[in-house]
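The chain contents come next:
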Amino acid sequence: MNRKLIVLAACAALSAGCETVDTTKAGAVGVERHQRMALSSAQVNAEAQKAYAQMMAEAQKKGVLDRDAAQVARIKTIVGRLIPQTTAFRDDAAKWPWEAHVITLDEVNAWCMPGGKMAVYTGLINKLQATDDELAAVMGHEIGHALREHTREQMSQQMGTQAAIGVAGALFGLGDVGQNVAGMVANVTMELPKSRTHETEADRIGVELAARAGYNPQAAISLWQKMEKLAGSQPPKWLSTHPPHADRIADLQNQVQKVMPLYQQARAGGTASAGK
Ligand SMILES: [Zn+2]
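Residues numbered from 1 in each chain as written. Predicted model: local features only at pLDDT ≥ 70, side-chain atom pairs only at ≥ 80, totals over all residues. Heavy atoms only, no water.

**Details of the packing of helix 9 (residues 219-231) against helix 11 (residues 248-268)**
Step number 1: Between helix 9 and helix 11, the shortest axis-to-axis distance is 9 Å and the interhelical angle comes to 165 degrees. By the angle class used here, helix 9 and helix 11 are roughly antiparallel. Every pair of crossing elements has a handedness; the one defined by helix 9 and helix 11 is left-handed. Contacts between helix 9 and helix 11 pair Ala220, Ile221 and Trp224 from the former with Arg248, Ile249, Leu252, Gln253 and Val256 from the latter. (Axes fitted to C-alpha atoms, helices over the stretch in contact; angles between N-to-C directions. Helix = DSSP H or I, 4+ residues; strand = E, 2+ residues; numbered from the N terminus. Parallel < 35°, antiparallel > 145°, perpendicular 65-115°, else oblique. Left-handed = near helix turned anticlockwise from the far one by under 90°. Contact = heavy atoms within 4.5 Å.)

**Thoughts on the packing of aromatic side chains**
Step number 1: Inspection of every chain in the model, using the stated rule, returns 3 aromatic pairs.
Step number 2: When the ring of Tyr52 is compared with that of Trp111, the centres are 6.0 Å apart and the planes differ by 90 degrees; the resulting orientation is edge-to-face. Taken together, the positions of Tyr52 in helix 2 (residues 41-61) and Trp111 in strand 4 (residues 110-113) put the pair 59 residues apart, joining distant regions of the chain.
Step number 3: Both rings, one in Trp224 and one in Trp238, keep their centres 5.1 Å apart while their planes meet at 40 degrees; by these two values the pair is tilted. Separated by 14 residues along the polypeptide, Trp224 in helix 9 and Trp238 in helix 10 (residues 237-241) bring together distant segments of the chain. Trp238 shares its class with Trp224; the two are buried.
Step number 4: Just above the ring of Tyr215 sits the side chain of Arg81; from NZ or CZ to the centre is 3.9 Å. (Phe/Tyr/Trp six-rings, centres within 6.5 Å; stacked < 30°, edge-to-face > 60°. Buried < 20%, exposed > 50% of the residue type's maximum accessible area, 1.4 Å probe, protein only. Lys NZ or Arg CZ within 6 Å of the ring centre and 35° of its normal.)

**A look at the sheet that holds strand 5 (residues 117-121)**
Step number 1: Spatially, the 3 strands line up as an open sheet ordered 3-5-4, and their pairing is mixed. Looking at strand neighbours, the two that pair on one side only are strand 3 (99-103) and strand 4, the edges of this open sheet. Within this sheet the neighbouring strands show an average axis-to-axis angle of 15 degrees, counted without direction.
Step number 2: Judged from the 4 bridges that link them, strand 4 and strand 5 form a sheet pairing that is antiparallel. Among the inter-strand pairings, Trp111 is bridged to a residue of strand 5, identified as Ala119. (Pairing = 2+ DSSP bridges.)

**Let's talk about the coordination of the zinc ion**
Step number 1: Looking at the zinc ion, the protein donor atoms are His141 (NE2), His145 (NE2), Glu199 (OE) and His242 (ND1), and they sit 1.9 to 2.1 Å from it.
Step number 2: Taken together, the 4 donor atoms coordinating the zinc ion and their angles of 91 to 123 degrees define a geometry best described as tetrahedral. (Donors = N, O, S within 2.8 Å, 3.2 Å for Na, K, Ca; no water. Tetrahedral: all angles 85-135°; square planar, octahedral: opposite > 155°, others 65-115°.)

**A closer look at the pairing of strand 5**
Step number 1: For strand 5, a buried count of 5 out of 5 residues is recorded, marking the element as mostly surrounded by other parts of the structure.
Step number 2: Because side chains alternate across strand 5, one face comprises the buried residues Lys117, Ala119 and Tyr121, and the other comprises Met118 and Val120, equally buried.
Step number 3: Both strand 3 and strand 5 contribute to a ladder of 5 bridges, which runs parallel. By the bridge assignment, Val102 is partnered in strand 5 with Val120.

Now the structure itself:
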């Protein structure tokens, strides 16, 4: 096989597939970065749904899916209040097939797959002794990653470096590049560390969603403090995919100031339930 031909094919595949997009509106917190995508949302979201369905079926089989009705109700209430707020960032999100489950696993972890498929592990709820406001901060952050389509962006970036290999593989009949995309989507969402840029965007969107839903956005700060306190004894899994950085608390404090009026408005409007 002519090597030059393979490189040309890879370039053509990439340039044809790459587009610059704005996945979200800026919101009060001002997330404005343009993104380069080499995969379509439809493709990534469909694969995410496939992976999620498989994983939840597996959890069910192992008897670790939604075992504690009170815990499940608590999580569903919190995400149920956050989801309507996503329209502040993108209009289509209200129609996403959102879903959340509680998995009985002693790991401090939570995630949201592309397209809104979420899971919270009991380890996170119990070991952090998380308040409702703190759980809203975790889930708001995760939803922020999904709204910004960070998994799709990370996969697009990986394709940039792997396309030549992939196309070569396809030309040699070594299999379809997209053969196990569902596995890749799950892996990128749940296992790969996110960049500092992605973390900051998810933090900012998270505090705004929480504030709009009537959850105290300050809880994002106490959440990180609790996470870092745990890091000494048993490092939370969540910290390996959401790496802390030195400026995080300072940035969160700035953002919390920006969204405080939205929180007060939501409280005054009765969005938040009394007495919480
Ligand atoms: Zn994150």
